[in-house]
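# Breakdown of the fold
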Amino acid sequence: GERAAWARAAAPGETRDVAHGAVDITQKLASFSGHWSPKVVARLNDYEIKVVKVKGEFVWHTHDNTDELFIAVAGELTIQLRDGNVRLGPGQLFVVPRGVEHCPVAEGEVHALLIEPTGVVNTGDAGGALTASYDDSLV
Ligand code: NI
């Protein structure tokens, strides 16, 4: 969707009005049902905060140019790494360092937050059918 004026990065020295209001993560997550399609809910400098629902196994991939932050909100998320797995329960986070191959997997449905630079593709270098199109319709 069209980016709201308040959601654009401010130019140096620019002042502007601010739209006040909490972003309700639970409400955002309740507003869609598809899996593996991250949706932007807020922006932070050059980063985006996204909500996502996942279930089943994703695809092994690498982000060569950025770290990637996962925060579990509901359910248990396993982030498979080549040298072991990281299990995240609600309220727990993990940062996948740049260049480290990973593959999220969830037995049941998991709700999660992602924080990563604008423009990061969910499947990284792997591509394929699970590559999500950019979605900022919830901002
Ligand atoms: Ni990733």
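As the structure is a computational prediction, the values presented were derived from the model and not from experiment. (Residues numbered from 1 in each chain as written. Predicted model: local features only at pLDDT ≥ 70, side-chain atom pairs only at ≥ 80, totals over all residues. Heavy atoms only, no water.)

### Describing the environment of Arg43
Relative to the helices and strands, Arg43 is located in strand E1 (residues 39–44). Put simply, Arg43 and Glu116 are 73 residues apart on the chain and 9.9 Å apart in space, counted from C-alpha to C-alpha. A distance of 3.0 Å separates the side chain of Arg43 from the side chain of Asp136, its partner in a polar contact. (Helix = DSSP H or I, 4+ residues; strand = E, 2+ residues; numbered from the N terminus. Polar contact = N/O pair within 3.5 Å; in protein donor to acceptor, adjacent residues only side chain to side chain.)

### Overview of the coordination of the nickel ion
Distances from the nickel ion to its protein donors, His61 (NE2), His63 (NE2), Glu68 (OE) and His102 (NE2), fall at 2.0 to 2.2 Å. Sequence spacing of the donor residues for the nickel ion, all on one chain, is H-x1-H-x4-E-x33-H. Note on His63: relative accessible area 6%, which makes it buried. Among the residues examined, Glu68 registers a relative accessible area of 4% and is labelled buried. (Donors = N, O, S within 2.8 Å, 3.2 Å for Na, K, Ca; no water. Buried < 20%, exposed > 50% of the residue type's maximum accessible area, 1.4 Å probe, protein only.)

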